[in-house]
Amino acid sequence: MTNLKSRPLTVAGLNRRRFLQTSSSLGIAAATIGATEVVFAGSKKILKVRAYADLRSLDPAFSQGVVDEEIQSSIYSKLIQYKPGREWGYQLDAAESIEQASPTTIKFKLKPGIMFSNGFGEMTAEDVKFSYERILDDALKSTNTPDWGSLKGVTVLNKYEGIIEFSDPYPPAWNIALPYIVGNIVCKKAWLEAGGKVDTTTPCVSGPYLHADWQPKQRTVLKRNPEWHGGIAEFDEIHILPIDDEGSAQIAYESGDLDYTRVPLGAVGSLKDSMPAHSKLEEYPSLFYVWVGMNVENEMLSNENLRKAIQHAIDVPSIMEASYFGAAQPSTGIIAPGLTGNRAQSNVPPGANFKKAKEYLAAAGMSDGVTVTLDVLNKAANVTTAQVIQATCAQVGITIDINLHESGAFWSLGDSSAGERYKDIQLILNRYSMAPDPSYATAWFITSQKGIWNWERFSNAEFDQLETAAKAEVDVSKRDTMYQRMQDIMEDSGAYRFITHEATPVIYSDTIKPAFRPDGLPLFRYFSQS
């Protein structure tokens, strides 16, 4: 961990160049992760891509979000998969057919002949039942239980057919559960032989690629699965390189070590002016949400007036300019524009209100000033954001000490099962991935998620009740009102300062045909050669 206790920068004259120069002087890791070690054997077709973090689990029950899912969706099958393109939709994968049979049931039929690797035989409806129901098993303690909402279980009708049953209507099944993390189908026999769960290896797969190798902090290697039911996978191998920082990833791309990567928002203009040879740039809206969270159980931050002072001292427009080069917009909450539940405006305006911040600080009994820590994942945009926060908070007497963490350490900070470090969190700059349903944003902030994904340790009975009810609500207008109210509750607690949803610019070689979700996230199983 790196601690920055330097004198805060003055607000006057804030500009992105100054912040980026300062960030560079911090010695931010340049992601020298062995990209130049990629070996091309003979005429192998190898796709080289970037992920923003390293593999953490190959078990859908313990997937740590989109980073693991980018791998899992390439090696496992689902009944349905997200359809690549600019509009959200799904397409059949393991399912020959699937339908909403009633408000609380979904009937499916598997394609015959889907084989698990390593001799584990044909996929059946029993495997679907096992895969889905294990996520709900209290003994397993899956971190992804919320994704299945009100799932009761799966009734097997015959070898290939079954009915997915919910206790209440669950519209997000089609947007989140089935085509995303918990929709991955694993082999019952193989998983039971492995003890009921796996870590960073897997006994068998059924998707287009096999998991061949993982070199921590260097690369994950996928190889073509010769038994894939979908035909012949496009590439002999896919090499997935974990690079936290988009700027470092862009350097790796321009050096020829990647075929695809997301790039910094600040690089879009220069890339359009001078595009690397044989490259294409595309821009997508983003569903990611970035915010500053505050640990309400920390002795210092349990003071609601202090939290609200910090909310009003953070100037989001300055962050947009310095960290995102004016290419992103302030967010109004955790639900992005275009989704049910997006708020037209936030309760706390984006611009800092120093007068109100000082009033809250006085009400907190801290008129003489206070020092708090801000934990940050060490990547350029985050460090710049942290410095803007440090600078603006200083204007009201709040000193921010910035703690920088590398990826592995950062993503365990709020995990209460990883030790006592979560108690030391005061402020944390965070960023979560998202799926195309508002429930995927709110699910992580209910009381039962404290110490898992709810790092603010926020707890509100009305919020919890609304979260459950909104998942089952089929009236879109009512759902919209519920999700807006949930974000009001979060913001009114003082524990959240919403920042942005960012945007997603990507660059890729014209030798490939990439496949993206409408929010610009990659679907590697559908990448092909041009």
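Going by the structure above, here's the rest.
Residues numbered from 1 in each chain as written. Predicted model: local features only at pLDDT ≥ 70, side-chain atom pairs only at ≥ 80, totals over all residues. Heavy atoms only, no water.

Focus on the environment of E456
For clarity, the cut-off: Note on conventions: DSSP H or I runs of at least 4 residues are helices, E runs of at least 2 residues are strands, and numbering of each starts at the N terminus. Per-residue accessibility, obtained with a 1.4 Å probe over protein chains only, is compared with the maximum for each type, and a residue is labelled buried under 20%, exposed over 50%, and partly exposed between these values. Two residues qualify as a contact provided that any one of their heavy atoms is within 4.5 Å of a heavy atom in the partner residue.
Within the fold, E456 resides in the loop between helix 12 (439-442) and helix 13 (461-472). Assessed through its relative accessible area of 1%, E456 is described here as buried. The spatial distance from the C-alpha of E456 to the C-alpha of P317 is 24 Å, given a sequence separation of 139 residues. Setting aside residues no more than four positions away along its own chain, E456 makes contact with W291, G293, M294, N295, V296, I428, F445, A495 and Y496.

Brief notes about empty space enclosed by the protein
A water-sized probe rolled over the atoms picks out the places where empty space is left. Stated formally: With a 1 Å grid spanning the protein atoms alone, the term cavity applies to any set of points in which a 1.4 Å probe fits but cannot get out, the term pocket to an open set with protein on both sides within 12 Å along at least five of seven lines, and the term lining residue to any residue with an atom within 4 Å of a point. Grid points are joined across faces, edges and corners, and a volume is the space filled by probe spheres set on the points. Note on residue classes: Ala, Val, Leu, Ile, Met, Phe, Trp, Tyr, Cys and Pro are nonpolar, Asp, Glu, Lys and Arg are charged, and everything else, Gly too, is polar.
In the structure shown here, the tally under the stated rule is 6 cavities of 30 Å³ or more. When its volume is computed, the largest cavity comes out at roughly 180 Å³. Taken together, 16 residues make up the lining of the largest cavity; nearest its centre are Q64, G65, Y432, S433 and W453. Residue composition of the lining of the largest cavity, grouped by class: 9 nonpolar, 5 polar and 2 charged. Volume-wise, the second largest cavity comes out at about 120 Å³. Lining the second largest cavity are 14 residues, and of these R50, Y52, E70, Y260 and L521 lie nearest its centre. Mapped onto the lining of the second largest cavity, the elements with two or more residues apiece are strand 2 (46-51) and strand 14 (260-262). By residue class, the composition of the lining of the second largest cavity is 7 nonpolar, 2 polar and 5 charged.

Observations concerning the sheet that holds strand 5 (residues 95-102)
Note the threshold: Pairing between two strands is assigned when DSSP locates at least 2 bridges connecting them. Only the stretch in contact is used when a helix axis is fitted, and all axes are lines through C-alpha atoms; the angle between N-to-C directions ranges over 0 to 180 degrees.
Here 4 strands make up an open sheet; going across it, the order is 5-6-10-9 and the pairing antiparallel. For this open sheet the edge positions go to strand 5 and strand 9 (151-156), each flanked by a neighbour on one side alone. The mean angle between the axes of side-by-side strands here comes to 20°, regardless of whether they run parallel or antiparallel. Pairing of strand 6 (residues 105-110) with strand 10 (residues 161-166), which is carried by 5 bridges, proceeds in the antiparallel orientation. Each bridged residue has a counterpart across the sheet, and for K109 the counterpart in strand 10 is E161. Running at roughly 170° to strand 9, helix 3 (residues 125-133) makes contact with strand 6, strand 9 and strand 10 of the sheet.

Structural notes on the packing of aromatic side chains
How we decide: In summary, the pairing rule links any two rings of Phe, Tyr or Trp, Trp by its six-membered ring, whose centres are within 6.5 Å, and it sorts them by plane angle into stacked for under 30 degrees, edge-to-face for over 60 and tilted for everything else.
Under the counting rule described, the total for this entry stands at 32 aromatic pairs. Arranged with centres 5.8 Å apart and planes meeting at 75°, the rings of Y260 and F527 form a pair that is edge-to-face. Separated by 267 residues along the polypeptide, Y260 in strand 14 and F527 in the loop between strand 22 (512-513) and strand 23 (528-529) bring together distant segments of the chain. By the burial criterion, Y260 is buried, and F527 matches it. Ring geometry for Y508 versus F516: centroids 6.3 Å apart, planes at 50°, classification tilted. With a relative accessible area of 6%, Y508 lands in the buried category. You can call F516 buried: its relative accessible area is 4%.

So, the environment of E491
For E491, the location among the structural elements is in helix 14 (residues 476-492). For E491, a relative accessible area of 2% gives the class buried. Residues E491 and L265, spaced 226 residues apart in sequence, show a C-alpha to C-alpha distance of 27 Å. What E491 contacts, discounting residues up to four positions off in sequence, is Q311, R343, S346, N347, V348, Y496 and F498.

A word on the packing of helix 7 (residues 304-313) against helix 9 (residues 354-363)
Heads up, the condition is: When describing relative orientation, an angle under 35 degrees is termed roughly parallel and one over 145 degrees roughly antiparallel, while 65 to 115 degrees is termed roughly perpendicular and anything else oblique. In this scheme the handedness of a crossing depends on how the near helix is turned from the far one: anticlockwise by less than a right angle means left-handed, clockwise means right-handed.
Running from amino to carboxyl end, helix 7 crosses helix 9 at an angle of 165°, the nearest separation of the two axes being 8 Å. Between helix 7 and helix 9, the angle falls in the class roughly antiparallel. Of the two elements, helix 7 crosses helix 9, and the hand of that crossing is left-handed. Here helix 7 contributes N305, L306, K308, A309, H312 and A313 to the contact with helix 9, which in turn contributes F354, K356, A357, Y360, L361 and A363. In the contact of helix 7 with helix 9, the residues fall into 8 nonpolar, 2 polar and 2 charged.

Observations concerning the nonpolar core
For clarity, the cut-off: By nonpolar core is meant a set of buried Ala, Val, Leu, Ile, Met, Phe, Trp, Tyr and Cys residues that side-chain atoms within 4.5 Å join together.
The biggest cluster of nonpolar side chains holds 111 residues, and the ones touching the most others in it are L79, Y132, I164, L178, F445 and F527. Considering every element that reaches this core, the biggest residue donor is helix 14, with 5 residues. In this view, L178 contacts K78, L79, I80, I98, I106, Y132, W148, I164, A173 and G183; residues no more than four positions away in its chain are not counted. If you look at the next biggest cluster of nonpolar residues, it comprises 38 residues, including M294, A364, A386 and I402.

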